[in-house]
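# Fold and geometry: a report
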Amino acid sequence: MNAPSRDPIASPPPTLNAEAQIGLSVVCAIRNRLENLVKALPSWLAQHEIDEILLVGWGSTTPVLDGLLARGIADPHLRVLRVDGENQWCLTLAYNLGFRMCRFDRILKLDADICLNAGFFANHPFGAGQFYAGDWRAYGAGQEHLNGVFYIHRADLAHVGGFNEHIRSYGYDDDDLYARLCEAGVQRDLLREDDLFHLPHPDAARLGNTDAHHLGKGWQALAAQPIFHIRSNRILSCLMPKWCGGWTMQPFVICDAQEGHITLCRSGQGPHTPPQTVVTDSNIAAAREILSWQMGAAAFAYPLTTLSEILDTQSLDEIAKGALPASSSPMVQNRPTQARLFIDLHHGLGNRMRALASGLAIASHTARQPVIIWQTDPHCEARFSDLFENDLPVIETRFHEAATAMGMDHVTYLEDQNGALPHDTALHLNDGRDAYVASACRMPFAQVDWAAETAALASLRTTRDIFALLHPLPARFEIGLHIRGHLSEDPCDAATNWSAQSHARISQARQNSAPARFIPRLEVALRQMDEEVRLFLAADHPDSYEALFAAYGRDRFFTVPRQHYDRSTQAIQSALADMLALSRARLMLGSDWSSFSECAHRLASPSQRYEQAGRDF
């Protein structure tokens, strides 16, 4: 780093100025997330290209400067803005204030949970009319939130007016900004995932501690979902005039100023504050859209005001189970101009995820609208929304018997259904026709390879419940073990689900994946590593955990807390957390013929070594 130059302290200008000193500013705004900042900040201070780090403490209970000093963190390149009088987190206002107050002509916008690697700036050179940004679609599991990081010329950011201050709650702020930059002719390039890292934490913190206690039952549930806020803000940005460069931002005045530390507060409302009526309309429209993914066209049967009243008194489950009229074929009555691929997912979590990965990749390649059909059953009692928060249409009722009558091409890869195709048969899609495909495995398609399917799988965003299970675990493991060594007596493993040949193969795979097979291979791996090796263990039965604990001691293993070993919602959520934790291992020892092990390996970085019981050991 170079020593930062010191300008006289001045109040924030009403708009974001394009001109500034030559240099590089990091801008980060936080509210009571100091522990993440303390972990990430050393990686920023180590970058000699940075001329200043401007931290905006937006209504933090503990002032940011006090928190840093208490931890022994001080550096002349740090500047802290303390904003008093703010009771709710507002990313757009906080960052726009930081952009106006930073000093240099290049800006790297970071969140408090982002770490930089040493080669970040060397690997991201850029010229005029170009910016780098994250993209959740391109990154591995757990790194989706790199989407909000961008590196840009101040002049380009000023040209579009920074963040859209019509948006005052979590979500869609970065996508709105990136779209306006691209419309203005600024070229967007992808940030290299290897050069930065997102520290995992639950999404409850990401929502900024939104107070929803005063809301009705359904509204409370929606307020806890990041996807609701994202969709609401997307609708709001369409209803309001387009945010542009030169628009007057929220006014602030300086209450106290010292070198490197400024206290500010808002001095009223700016002229572009969105009317509450528009905010309310956006929330109701987003609620109806989200309900439609699970209920179909029935969610559109009521006017917006009526739906708002229902959400005041009914939970989302109550609404889905009967508060609104049921629809026998949701979301398929009217044929759109874009052909659709209905992906009917079956069996357990691993089977559903690999079939979904294949279906999403095929839909993307063929420019079809994917529609997920995720019906709970004895194999998987968890709903899609219990696991994932993606912006994808979801139907919770299968309608394969009606698909043909509705003009769709109907294909099944399920061995227990009539007309099932062998698993290695390539899927054929007729141009312009909707297709309904039922599967528990990948669907071969000539133009879609393993890498495309893996990218589709990695694009899935998990819920805050899954983040909460993963949060206590290390970011990396030397060895991960997945033991699928039991063939249960419940209907999920019944022979009627498969052909006689397939069921025999499954029985053999379970024998190959018994705990006793893993211990000798683990012994060899441990002898090749140092004593501080971190081990993660995931298993489908408590006996498998006890076998490894007896051999090595319970304290040697990290695990996801698990209360159930059935197919309940809680058990499936723990299983998904297991899968993501396994993807963090440098060496994964998986089970024979296990779709779960396969998906965990797909979610891992390309450098992960993967060995399979019954094949490699």
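This text gives an overview of the structure that appears in the document.

Basis of the calculations
- Residues numbered from 1 in each chain as written.
- Predicted model: local features only at pLDDT ≥ 70, side-chain atom pairs only at ≥ 80, totals over all residues.
- Heavy atoms only, no water.
- Core = buried A, V, L, I, M, F, W, Y, C linked by side-chain atoms within 4.5 Å.
- Buried < 20%, exposed > 50% of the residue type's maximum accessible area, 1.4 Å probe, protein only.
- Helix = DSSP H or I, 4+ residues; strand = E, 2+ residues; numbered from the N terminus.
- Contact = heavy atoms within 4.5 Å.
- Axes fitted to C-alpha atoms, helices over the stretch in contact; angles between N-to-C directions.
- Parallel < 35°, antiparallel > 145°, perpendicular 65-115°, else oblique.
- Left-handed = near helix turned anticlockwise from the far one by under 90°.
- Phe/Tyr/Trp six-rings, centres within 6.5 Å; stacked < 30°, edge-to-face > 60°.
- Pairing = 2+ DSSP bridges.
- Right-handed = clockwise from strand over helix to strand, strands pointing away.
- Nonpolar A, V, L, I, M, F, W, Y, C, P; charged D, E, K, R; others polar.
- Arc of directions from axis to C-beta.
- 1 Å grid on protein atoms, 1.4 Å probe; cavity = no way out; pocket = protein on both sides within 12 Å on 5 of 7 lines; lining within 4 Å.
- Points joined across faces, edges and corners; volume = space filled by probe spheres on them.
- Salt bridge = Lys/Arg side-chain N within 4 Å of Asp/Glu carboxyl O.
- Expected span 1.5 Å × (residues − 1).

### What about the nonpolar core?
Core analysis: the largest hydrophobic core is formed by 73 residues, its most contacted members being L349 and W374. Counting residues per element, this core draws most heavily on helix α12 (residues 349-365), which supplies nine residues. Once residues within four sequence positions are removed from consideration, W374 is found in contact with L345, L349, R352, C380, A382, R383, F384, L387, F388, V394, I395 and E396. With 70 residues, the next largest nonpolar core counts F126, L177, Y178 and L199 among its residues.

### Side note on the packing of α12 against helix α21 (residues 595-603)
Two elements in contact, α12 and α21, have axes whose closest approach is 7 Å; the angle formed by their N-to-C orientations is 50°. The pairing of α12 with α21 is recorded here as oblique in orientation. Here the hand of the crossing between α12 and α21 comes out left-handed. Residues L349, G350, N351, M353, R354 and A357 of α12 form the contact with α21, whose participating residues are S595, F596, E598, C599, R602 and L603.

### With respect to the packing of aromatic side chains
Throughout the structure, instances matching the rule amount to 27 aromatic pairs. Taking 5.9 Å as the distance between ring centres and 50° as the angle between the ring planes, the aromatic pair formed by F549 and F557 counts as tilted. When sorted by exposure, F549 lands in the same class as F557, which is buried. Here the aromatic residues Y95, F99, F131, F150, F163 and Y178 are joined through ring pairs into a cluster of three or more.

### Some details on the pairing of strand β3 (residues 78-84)
With five of seven residues buried, β3 lies mostly within the body of the structure. Taken together, the six bridges between strand β2 (residues 52-58) and β3 define a ladder with parallel strand orientation. Residue pairing for β3: L55 is matched across the bridge by V80. For the handedness criterion, the β-α-β arrangement of β2, helix α2 (residues 64-70) and β3 is classed as right-handed. Note that β3 and strand β11 (residues 261-266) share five bridges and pair parallel.

### Here's the deal with unusual backbone geometry
Positive phi, close to 75°, is recorded for Y172, a residue that is not glycine. By secondary structure assignment, the location of Y172 is in the loop between α4 (154-159) and α5 (173-183). Despite not being glycine, A367 has its phi angle at roughly 55°, a positive value. With respect to the helices, strands and loops of the structure, A367 is situated in the loop between α12 and β13 (369-373).

### Some remarks on the sheet that holds strand β16 (residues 435-439)
Read across the open sheet, the five strands follow the order β14-β13-β12-β16-β15; overall the sheet is parallel. Taken across any chain shown, the strands that pair with only one partner, and hence form the sheet edges, are β14 (394-395) and β15 (409-412). Pairing of β13 with β14 involves two bridges; the strand directions are parallel. Residue I373 lies in a different strand from β14, and its bridge partner there is I395. Contacting β12 (340-345), β13 and β16, α12 crosses the sheet at an angle of about 175° to β12.

### With respect to the pairing of strand β20 (residues 585-590)
Of all six residues that make up β20, five are buried, and the element is covered over most of its length. The pairing of strand β17 (residues 477-483) with β20 spans four bridges and is classified as parallel. For G480, the partnering residue across the bridge sits in β20 and is M588. One ladder, built from four bridges, connects β20 with strand β21 (residues 609-612); its direction is parallel. Of the residues in β21, the one forming a bridge with G590 is Q612. What joins β20 to β21 is α21, and the crossover it makes is right-handed.

### Section: the sheet that holds β11
Taken together, the nine strands give an open sheet; going across it, the order is β8-β6-β7-β4-β1-β2-β3-β11-β10, and neighbouring strands pair in mixed fashion. Edge positions in the sheet fall to β8 (187-190) and β10 (252-258), since each of these pairs with one other strand and no more. Shown here is a sheet whose adjacent strand axes are inclined to one another by a mean of 25°, direction ignored. Pairing between β10 and β11: six bridges, direction antiparallel.

### A few points about the packing of helix α20 (residues 569-582) against α21
In the contact formed by α20 and α21, the axes pass within 7 Å of each other and the chain directions differ by 50°. Taken together, the axes of α20 and α21 are oblique relative to one another. Every pair of crossing elements has a handedness; the one defined by α20 and α21 is right-handed. Residues A575, D578, M579, L580 and L582 of α20 pack against F596, C599, A600 and L603 of α21. Across the contact of α20 with α21, the residue classes tally to eight nonpolar, no polar and one charged.

### A word on helix α10 (residues 304-313)
Taken together, the buried positions of α10 are occupied by L307, S308, I310 and L311. The arc that holds the buried residues of α10, viewed along the axis, is 160°, so those residues lie on one side. Residues of α10 that are exposed and angled more than 90 degrees away from the buried face: T305 and E309.

### Notes on empty space enclosed by the protein
Tallied over the entire structure, the rule returns two cavities of 30 Å³ or more. A volume near 50 Å³ is recorded for the largest cavity. Sorting elements by how many residues they give to the lining of the largest cavity places β3 first, with five residues.

### Topic: the pattern of salt bridges
Tallied over the entire structure, the rule returns 31 salt bridges. Measuring nitrogen to oxygen at the nearest pair gives 2.9 Å for the salt bridge that ties D176 to R180. Here D176 and its partner R180 are both found in helix α5, four residues apart, which amounts to about one turn of the helix. Classification of D176 by relative accessible area gives buried; the value is 9%. R484 is paired through a salt bridge with D540; the nearest N and O atoms lie 2.9 Å apart. Of the two residues, R484 is situated in the loop between β17 and α17 (500-512) and D540 in the loop between β18 (535-539) and α19 (542-552); the sequence distance between them amounts to 56 residues.

### Examining α20
Owing to its 3.6 residues per turn, the α-helix aligns residues three or four sequence positions apart on the same side. Between its terminal C-alpha atoms α20 stretches 20 Å, which fits the 20 Å expected from 14 residues at 1.5 Å a residue. For α20, the set of buried residues is A571, I572, Q573, S574, A575, L576, A577, D578, M579, L580, A581 and L582.

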